[in-house]
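Each chain, written out:
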Amino acid sequence: MSGSEPVRVRRVYDPPGDGDGTRVLVDRLWPRGVSKERAAIDVWLKDVTPSDELRSWYHQDRSGARRDTFVDRYRTELGDPAHAEAVDRLVGIVREGGPVTLITAVKDVADSHVPVLVDHLKHVMKRT
């Protein structure tokens, strides 16, 4: 992604910022305790998230020992037809111009699916 196509990441519990641009929720479930108005979500892309099975498997062991396998499995999922269609939609949103902010409810963003998704998005945009 170039500087003209910035992608940011923010938690849904933070107030929306003036520079957020298009706010894309990248969680499978709607965040608890957050109204649609407060979240200010423009697009909800459930299919860019890990499958329920992968997410459950990853969260069974909080020690971090599963991280590398999770990343590999999630990258594989992102290439399947359902995920790829949602990734293509996200690429289209980014290419429309203006900032795009990926919104998530996870507590530890760095240890979630979001950095994997951002990295995958960068690779897809370089290829196309």
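Residues numbered from 1 in each chain as written. Predicted model: local features only at pLDDT ≥ 70, side-chain atom pairs only at ≥ 80, totals over all residues. Heavy atoms only, no water.

The name given to the protein chain in an unreviewed UniProt entry is DUF488 family protein, with Streptomyces microflavus as the source organism.

A. The pairing of strand 4 (residues 100-104), seen in detail. With 5 of 5 residues buried, strand 4 lies mostly within the body of the structure. Taking every second residue as pointing to the same face, both faces of strand 4 are buried, with Val100, Leu102 and Thr104 on one and Thr101 and Ile103 on the other. The sheet contact formed by strand 1 (residues 7-11) and strand 4 spans 5 bridges and is parallel. From the neighbouring strand, Arg11 faces strand 4, where its bridge partner is Thr104. Looking at chain direction, strand 2 (residues 22-25) and strand 4 are connected through 4 bridges and run parallel. Among the inter-strand pairings, Arg23 is bridged to a residue of strand 4, identified as Thr101. (Buried < 20%, exposed > 50% of the residue type's maximum accessible area, 1.4 Å probe, protein only. Helix = DSSP H or I, 4+ residues; strand = E, 2+ residues; numbered from the N terminus. Pairing = 2+ DSSP bridges.)

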